[in-house]
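# Structural characterization, general
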Amino acid sequence: FFYDKARNQVSVTHDGKRPQFLFTATGISGLEISPNGAYAVVSYTADRTQKNLSVHKAKIFNTKRRLFEGTVLPLRSVSLITRADGTLAVSGVTDEKGQAVLSLYPLFAQSGTEPFFSHTFERNTIPAAAVSVAPDKIICPVYRGRVCRLETFDIGKHTRTQNGNEEAVTEPERSSPAANT
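A brief structural summary. Computed from a predicted model, the values in this text were never measured in an experiment.

The rules behind these values
Residues take numbers from 1 onward in each chain, read along the sequence in its written order. Only residues with pLDDT of 70 or above have their local features reported here, since the model is predicted, and side-chain atom pairs are shown and tallied only from 80 upward, although totals for entire chains, interfaces and linings are computed over all residues. To obtain the side-chain values, all non-hydrogen atoms of the structure were used and water was disregarded. Numbered from the N terminus, helices here are DSSP runs of H or I no shorter than four residues, and strands are runs of E no shorter than two. The buried label goes to any residue with under 20% of its type's maximum accessible area, the exposed label to any with over 50%, and the partly exposed label to all in between, with areas taken from a 1.4 Å probe on protein chains only. Any pair of residues with heavy atoms lying within 4.5 Å of one another is described as a contacting pair. In this description, accessible areas are obtained by the Shrake-Rupley approach with a 1.4 Å probe, and a residue is regarded as covered only by the protein chains that are shown. We call a set of buried Ala, Val, Leu, Ile, Met, Phe, Trp, Tyr and Cys residues a nonpolar core when their side-chain atoms join them within 4.5 Å. The rule for a salt bridge is simple: a side-chain nitrogen of Lys or Arg has to be within 4 Å of a carboxyl oxygen of Asp or Glu. Two strands qualify as a pair provided that DSSP identifies no fewer than 2 bridges between them. Angular values range over 0 to 180 degrees, each being the angle between N-to-C directions of two axes fitted as lines to C-alpha atoms, with helices fitted over their stretch in contact.

On a plain count of helices and strands, the chain comes out with 0 helices and 19 strands. When the 181 residues of the chain are sorted by exposure, 36% land in the buried category. Summarising the internal contacts of the chain: among those between residues at least 6 apart in sequence, 33% fall at separations of at least 24. Accessible surface, the chain as shown: approximately 10,800 Å² in total, 48% of it carbon and sulfur.

A separate point is the nonpolar core. With 15 residues, the main nonpolar core has Leu-102, Leu-104, Ile-138, Phe-153 and Ile-155 as its most contacted residues. Elements that contribute at least two residues to this core include exactly strand S9 (88-96), strand S10 (99-106) and strand S14 (137-144). Contact partners of Leu-104, with chain neighbours within four places excluded, come to Ile-81, Val-90, Ser-91, Pro-115, Phe-116, Phe-117, Ile-138 and Ile-155. Within the second largest apolar cluster, 14 residues are counted, among which are Tyr-39, Leu-80, Val-90 and Tyr-105.

Overall, the coordinates contain 7 salt bridges when judged by the stated rule. A salt bridge links Asp-95 to Arg-76; its shortest N-O distance comes to 3.5 Å. Residue Asp-95 is found in strand S9, and its partner Arg-76 is found in strand S8 (residues 76-82); the two are separated by 19 residues along the sequence. Judged by relative accessible area, Arg-76 falls into the buried class, the value being 18%. Between Asp-154 and Lys-137 there is a salt bridge whose closest N-O contact spans 3.0 Å. Taken together, the residues span a long stretch of sequence, with Asp-154 in strand S15 (residues 147-154) and Lys-137 in strand S14 at a distance of 17 residues.

One open sheet accounts for 4 strands, arranged S8-S9-S10-S11; its pairing is antiparallel. The sheet terminates laterally at S8 and strand S11 (117-120), the two strands that pair on one side only. Each neighbouring strand pair of the sheet contributes to a mean axis angle of 20°, computed without reference to strand direction. Pairing of S10 with S11, which is carried by 4 bridges, proceeds in the antiparallel orientation. The residue bridging Leu-102 from the neighbouring strand is His-119, located in S11.

Dropping the structure here:
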């Protein structure tokens, strides 16, 4: 998968063959393909009604049917995460009250759906896209100034009840800080 910014086109290539056009779009900030190639998560910026303001959004593209499916999610730094049961989830970052929040949603979350996992970072901390390292386990690079560290989350040990109260929450494991070069 790749985005041709000059043509505003997203295309795919297989085994070095000629690129196949998928769709036209502007403001694409990220593309990630699912492990089985069936879906791509597309992150982009969209203009707001006020001048010079934009918002981050993400959509799921079905590569077999060649159409967008599901609800638009208000996320940046988006990635696809593999769950323990083999299903996929969408991971991304939002901002709440000046703090970054890592949130995970089912692949086809309905409008208004609460994330099944979320973690609020300290102020002045910037998380990048999470990476699925094993089913229900993710690593998230986190930047604070010029220092980068990796935080590990076991999302399988985190559940959310109907009333929004969290149960069985585990704190992220932190790796040693390393200077960002």
